[in-house]
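Given next are the chains, with one letter for each unit.
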Amino acid sequence: MDFLCKHIVERKREGLYRYKKTAIIMSWVIIPIVLIIVCFGLASINLYFEFLRASIIVIPSLTAAMAKMFGPITAAYGSEAYEYSVAAGEMSFARIFGDRFRREWFKIAFDKVEKCAPLGGLNDPETDGGKYDVVYKAISSVNAPYIYYIIFRDGQDRRCLAYFEPVKKSLRMIKTYYPATVMTNLPD
């Protein structure tokens, strides 16, 4: 039996999220234009601010230099994926931005799990107490076909709810560590 299972779920571009990357890129154009307008407005108010008229030259050149260095980094935050791994009695989640940056998000110790079941039908996290301090959504879409939820206590003893999309192998491993897991037929 394998003792490690990793799975990555790419977030689908729907709702306002589909405009996130475009908004990040457009901010590299809109913010410098607004700064130039503000500088010209201040320069026209008082003679002491006359030097701000040079912003028409300084701001675009600084923006171009900064966009060359930081543009690809900031644009990467417009694309998001979720990775989860099951190993050694623990399930860890990470966020991946633009296939470049991986950030640890949260971990679940299976000895602190209250319930793990598929979403829908008789299984509804709102009927299992319904009050959660933190809610994590590591799913591609709210309309994804196989969404599971897990209720657990984190290291700070907060009651948490996490939504995720398992594969068959990871669900079997979760069942190994937390036998009360509700199983369904999943694709491989």
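As the structure is a prediction and not an experimental result, all values here were calculated from the model.

Caption draft 1: Structural view of the pairing of strand β8 (residues 159-164). Among the six residues that make up β8, six are buried, leaving the element largely enclosed by the rest of the structure. Because side chains alternate across β8, one face comprises the buried residues Arg159, Leu161 and Tyr163, and the other comprises Cys160, Ala162 and Phe164, equally buried. Direction of pairing for strand β6 (residues 134-138) relative to β8: parallel, over a ladder of five bridges. From the neighbouring strand, Tyr136 faces β8, where its bridge partner is Ala162. As defined by bridge partners, strand β7 (residues 148-153) adjoins β8 across six bridges and the pair is classed as antiparallel. Of the residues in β8, the one forming a bridge with Ile151 is Leu161. The hairpin turn running from β7 into β8, its antiparallel successor, is five residues long, and Asp157 in that turn takes a positive phi close to 60°.

Caption draft 2: Spatial organisation of helix α2 (residues 55-76). The sharpest bend along α2 comes to roughly 55°, located at Phe70, with the proline Pro72 sitting one to four residues further on. Turning to α2, the residues buried within the fold contact α1 (20-45), β3 (90-97) and β4 (101-109).

Caption draft 3: Inspection of the sheet that holds strand β2 (residues 80-87) at higher detail. Taken together, four strands build an open sheet; the order of strands is β1-β2-β3-β4 and the sheet is antiparallel. In this open sheet, the two edge strands, each paired with only one partner strand, are β1 (4-10) and β4. Each strand of the sheet is rotated relative to its neighbour by a mean of 20°, with strand direction disregarded. Pairing geometry for β3 and β4, over eight bridges, is antiparallel.

Caption draft 4: Structural context of α1. Between its terminal C-alpha atoms α1 stretches 36 Å, which fits the 38 Å expected from 26 residues at 1.5 Å a residue. The sharpest bend along α1 comes to roughly 40°, located at Ser27. Within the span of α1, buried status applies to Ile24, Pro32, Ile36, Cys39 and Ala43. Packed against the buried residues of α1 are α2.

Caption draft 5: Geometry of the sheet that holds β7. Spatially, four strands are ordered β5-β7-β8-β6 in an open sheet, and the strand pairing comes out mixed. Of all strands in the sheet, those bounded by a partner on one side alone are β5 (113-118) and β6. In this sheet, neighbouring strand axes are inclined to one another by 15° on average, regardless of whether the strands run parallel or antiparallel.

Caption draft 6: Spotlight on the pattern of salt bridges. Inspection of every chain in the model, using the stated rule, returns nine salt bridges. Notably, a salt bridge pairs Glu80 with Arg11, separated by 3.4 Å at the nearest N-O pair. Of this pair, Glu80 sits in strand β2 while Arg11 sits in the loop between β1 and α1, and the two are 69 residues apart along the sequence. Exposure remark for Glu80: the relative accessible area of 1% places this residue in the buried category. On the basis of relative accessible area, Arg11 is assigned to the partly exposed category, the value being 29%.

Caption draft 7: Geometry of the confidence of the model for the chain. For the chain, per-residue confidence averages 83 on the pLDDT scale, and 92% of positions sit at 70 or higher. Averaged over each element, pLDDT in the chain is lowest for β1 (81) and highest for β3 (90).

Caption draft 8: Structural view of the packing of aromatic side chains. This model, assessed by the stated rule, comprises 11 aromatic pairs. Consider the rings of Tyr82 and Trp105, whose centres lie 5.6 Å apart with planes at 20°: the pair is stacked. Here the residue Tyr82 occupies a position in strand β2, and Trp105 occupies one in strand β4, the gap between them amounting to 23 residues. The exposure class assigned to Tyr82 is buried, which follows from its relative accessible area of 5%. Measuring from centroid to centroid gives 3.7 Å for Phe106 and Tyr136, while their planes differ by 15°, and the two rings are stacked. Of this pair, Phe106 sits in strand β4 while Tyr136 sits in strand β6, and the two are 30 residues apart along the sequence. Taken together, the ring pairs in this structure connect Tyr82, Tyr84, Phe93, Trp105, Phe106, Tyr136, Tyr148, Phe152 and Phe164 into an aromatic cluster. One Lys or Arg, Arg95, reaches over the ring of Trp105 and ends 4.9 Å from the middle of that ring.

Criteria and thresholds
- Residues numbered from 1 in each chain as written.
- Predicted model: local features only at pLDDT ≥ 70, side-chain atom pairs only at ≥ 80, totals over all residues.
- Heavy atoms only, no water.
- Buried < 20%, exposed > 50% of the residue type's maximum accessible area, 1.4 Å probe, protein only.
- Helix = DSSP H or I, 4+ residues; strand = E, 2+ residues; numbered from the N terminus.
- Pairing = 2+ DSSP bridges.
- Bend = angle between axes of the 7 residues up to and from the residue.
- Contact = heavy atoms within 4.5 Å.
- Axes fitted to C-alpha atoms, helices over the stretch in contact; angles between N-to-C directions.
- Expected span 1.5 Å × (residues − 1).
- Salt bridge = Lys/Arg side-chain N within 4 Å of Asp/Glu carboxyl O.
- pLDDT = per-residue confidence, 0-100.
- Phe/Tyr/Trp six-rings, centres within 6.5 Å; stacked < 30°, edge-to-face > 60°.
- Lys NZ or Arg CZ within 6 Å of the ring centre and 35° of its normal.

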